[in-house]
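A look at the structure
Here's the letter readout for the chains.
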Amino acid sequence: MTTDIYPSRITAEAQMLPRLDPVVHGEWTGHAPLTRRQSEEFDRNGFLVLENVFSPEEVAYLQKQSEQLLSGPEGLNPETVITERGSDEIRSIFEIHAQSSIVGRLAADARLAGIAQFLLNDQVYIHQSRLNYKPGFEGREFYWHSDFETWHVEDGMPRMRALSMSVLLAENTPDNGPLMLMPGSHRVFLTCLGATPDDHYLTSLKKQEYGVPDRQSLTELAHRHGIVAPTGKAGTVVIFDCNTMHGSNGNITPYPRANAFFVYNAVSNRLQAPFGASKPRPGFVAARGEPRPLIPQGGPLMEEALA
């Protein structure tokens, strides 16, 4: 088994370990899908916000498709449909790229997958996908966490060679529970406390209680790096490194928030046995087996409907 260079949930006190992997794995050239400035910003802050990635027609098309999926999930795998605690409101639909040809086409779009290939300097595949929905008045929070900590401990992702992309399907305002990030926090690996219970995913997808950083460490990171909450209209794309500390508040406004969420992992970084759990999470949460590399697709998203 590969040596665990990011051990977590095994010590009595939290530790801030050095990051041992690059942030931008690719070498920038004039042919890169990002500008040099954007590449440097992602390396420095651990996230990047891209506006006007999709045309208004594409955004409207995606919004219509997502509304249909959220309002009529009967044809989906019921195991992948996660509701809010104490209600029937849908919180997330997992493995959505494999259940919707439209979302699958979005995941493979060159404007997303091409950037992932550059930043990770490898072929990429979808480690996890989901359609997130934070309804007005009742949308619950996502507590602070590093995705990599969970993916490493519970899924067996060996190295920090993965990233997430959130495609906004509704306007993110300062008030409706937008994503919050700590710029620069991706440079350290914050370990968490408490051994992982069996089948932790059954509760963690609604509310995570293990793999959650301690308050003292979060306070230190916040004072050191600050907190930002990117806002933007529908069609904005937020890219963030697998180890960037992030979370979001609940939504008590009347305005719902929705996004399509993709985790791109490098093919060379395929999952192994979990580093801190008795068994891996199911495939709809973390894709296992032989990776299926994405082939970046060009052209308008609406062409999928005509194919």
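Residues numbered from 1 in each chain as written. Predicted model: local features only at pLDDT ≥ 70, side-chain atom pairs only at ≥ 80, totals over all residues. Heavy atoms only, no water.

Looking now at the sheet that holds strand β4 (residues 90–94). Backbone-to-backbone hydrogen bonds join strands into a sheet, with any given pair of strands oriented parallel or antiparallel. Within the open sheet, the seven strands sit side by side as β2-β10-β7-β12-β5-β4-β3. Their pairing is antiparallel. Only two strands of the sheet have a single partner each, and these edge strands are β2 (47–50) and β3 (81–83). When strand polarity is set aside, the average angle formed by the axes of neighbouring strands in this sheet is 15°. Direction of pairing for β4 relative to strand β5 (residues 124–134): antiparallel, over a ladder of three bridges. Bridge pairing links Phe94 to Arg130 in β5. Along the sheet, helix α1 (residues 36–45) contacts β2 and β10 (237–241); its crossing angle with β2, the most-contacted strand, is approximately 140°. (Pairing = 2+ DSSP bridges. Helix = DSSP H or I, 4+ residues; strand = E, 2+ residues; numbered from the N terminus. Axes fitted to C-alpha atoms, helices over the stretch in contact; angles between N-to-C directions. Contact = heavy atoms within 4.5 Å.)

This paragraph deals with the pattern of salt bridges. Under the definition given, this model contains eleven salt bridges. Note that Glu149 and Arg9 form a salt bridge whose closest N and O atoms lie 2.8 Å from each other. Of this pair, Glu149 sits in helix α6 (residues 147–155) while Arg9 sits in the segment before β1 (16–18); the two residues are 140 residues apart in sequence, bridging distant segments of the chain. Note on accessibility: Glu149 and Arg9 belong to one class, buried. In this structure, the salt-bridge partner of Arg224 is Glu220, at a minimum N-O distance of 2.6 Å. Of this pair, Arg224 and Glu220 both sit in helix α8 (residues 215–225), four residues apart, which is roughly one turn of the helix. Under the relative-accessibility criterion, Glu220 is labelled partly exposed at 39%. (Salt bridge = Lys/Arg side-chain N within 4 Å of Asp/Glu carboxyl O. Buried < 20%, exposed > 50% of the residue type's maximum accessible area, 1.4 Å probe, protein only.)

Bringing the nonpolar core into the picture now. Phe262 and Tyr264 are the most contacted members of the largest nonpolar core, which has 48 residues in total. No other element matches helix α5 (residues 110–120), which puts seven residues into this core. Judged by nonpolar contacts, the second largest core, of 19 residues, contains Met160, Phe189, Phe240 and Phe261. (Core = buried A, V, L, I, M, F, W, Y, C linked by side-chain atoms within 4.5 Å.)

Glancing now at the packing of aromatic side chains. Taken as a whole, this structure holds six aromatic pairs when the rule is applied. A ring pair is formed by Phe94 and Phe284, whose centres lie 6.2 Å apart and whose planes are at 80°; its orientation type is edge-to-face. In this pair, Phe94 sits in strand β4 while Phe284 sits in the loop between β12 (257–266) and α9 (303–306), placing the two residues 190 residues apart along the sequence. Where Phe148 meets Phe189, the ring centres are 5.9 Å apart and the plane angle is 75°; that geometry is what we call edge-to-face. Taken together, the residues span a long stretch of sequence, with Phe148 in helix α6 and Phe189 in strand β9 (residues 188–190) at a distance of 41 residues. Each member of the pair, Phe148 as well as Phe189, is classed as buried. By way of ring pairs, the aromatic residues Tyr6, Phe148 and Phe189 are connected into one cluster. Positioned over the ring face of Phe261 is Arg130, at 4.1 Å from the centre of the ring. (Phe/Tyr/Trp six-rings, centres within 6.5 Å; stacked < 30°, edge-to-face > 60°. Lys NZ or Arg CZ within 6 Å of the ring centre and 35° of its normal.)

Turning our eyes to something else, we now look at the pairing of β12. Side-chain positions along a regular strand alternate between the two faces of the sheet. Among the ten residues of β12, ten are classified as buried, and the element is accordingly described as predominantly covered. Along β12, one buried face is formed by Arg257, Asn259, Phe261, Val263 and Asn265 and the opposite face, lined by Ala258, Ala260, Phe262, Tyr264 and Ala266, is buried too. Pairing between β5 and β12: ten bridges, direction antiparallel. In the sheet register, Tyr133 faces β12, and the bridge partner there is Ala258. Pairing between strand β7 (residues 162–168) and β12: seven bridges, direction antiparallel. Paired with Val167 across the strands is Ala260, a residue of β12.

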